[in-house]
Amino acid sequence: MSETLIAVSKDALDELVTKITELSSQVTTLTSDAEKPVCIKDAATHLACSDRQVHRLISMNPDFPAHKSGMGKLYFYKSELNEWLKSR
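As the structure is a computational prediction, the values presented were derived from the model and not from experiment.

This brings us to a nonpolar patch on the surface. A contiguous nonpolar patch, built from I6, V8, L13, L16, V17 and I20 and spanning about 590 Å² of accessible area, is present on the exposed surface. Mapped onto the elements, I6 comes out in the segment before α1 (10–33).

As structure tokens, then:
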């Protein structure tokens, strides 16, 4: 692979560095703020009940915010659990 050199002014380079820094900061914020799914044990802890009770809630409430992975494993989002509790 051959190298190609291009001339860039210092101002243009500074502007590129600033934009890259801003984008990097945005990506870091998005990934750290993104809610991660929790397992049934953590959902039960969050709801202050047992795993078995979470299973009952799922079976008795069609609107209960539970999700299944492609492999059939249950997972939950705390924000959805909180919203569901508020709606009760």
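Before going further, it helps to spend a moment on the packing of aromatic side chains. Both the distance between ring centres and the angle between the ring planes are used here to describe each pair of aromatic rings. Per the counting criterion, the structure on display carries 3 aromatic pairs. A centroid spacing of 5.9 Å and a plane angle of 85 degrees characterise the contact between Y75 and Y77, whose relative ring orientation is edge-to-face. The class of Y75 is partly exposed, set by a relative accessible area of 26%. One aromatic cluster is present, formed by F64, F76 and W84 through successive ring pairs.

This part takes up the pattern of salt bridges. If you walk through the whole model with that rule in mind, you get 4 salt bridges. K10 is the salt-bridge partner of D14, the closest N and O atoms lying 2.9 Å from each other. With a gap of 4 residues between them, D14 and K10 both fall in helix α1, about one helical turn apart. The exposure class of D14 is partly exposed, given its relative accessible area of 36%. Among the residues examined, K10 registers a relative accessible area of 60% and is labelled exposed. With a closest N to O distance of 3.6 Å, E83 and K86 form a salt bridge. One end of the pair is E83 and the other is K86, both in helix α4 (residues 78–87) and 3 residues apart, which spans about a single turn.

What counts and what doesn't
- Residues numbered from 1 in each chain as written.
- Predicted model: local features only at pLDDT ≥ 70, side-chain atom pairs only at ≥ 80, totals over all residues.
- Heavy atoms only, no water.
- Patch = residues over 30% accessible without salt bridge, like charges linked within 9 Å, V, L, I, M, F, W, Y side chains within 5 Å.
- Areas by Shrake-Rupley, 256 points an atom, 1.4 Å probe, with all protein chains shown as cover.
- Salt bridge = Lys/Arg side-chain N within 4 Å of Asp/Glu carboxyl O.
- Helix = DSSP H or I, 4+ residues; strand = E, 2+ residues; numbered from the N terminus.
- Phe/Tyr/Trp six-rings, centres within 6.5 Å; stacked < 30°, edge-to-face > 60°.
- Buried < 20%, exposed > 50% of the residue type's maximum accessible area, 1.4 Å probe, protein only.

Remember, this is a structural readout, not a statement about activity or role.
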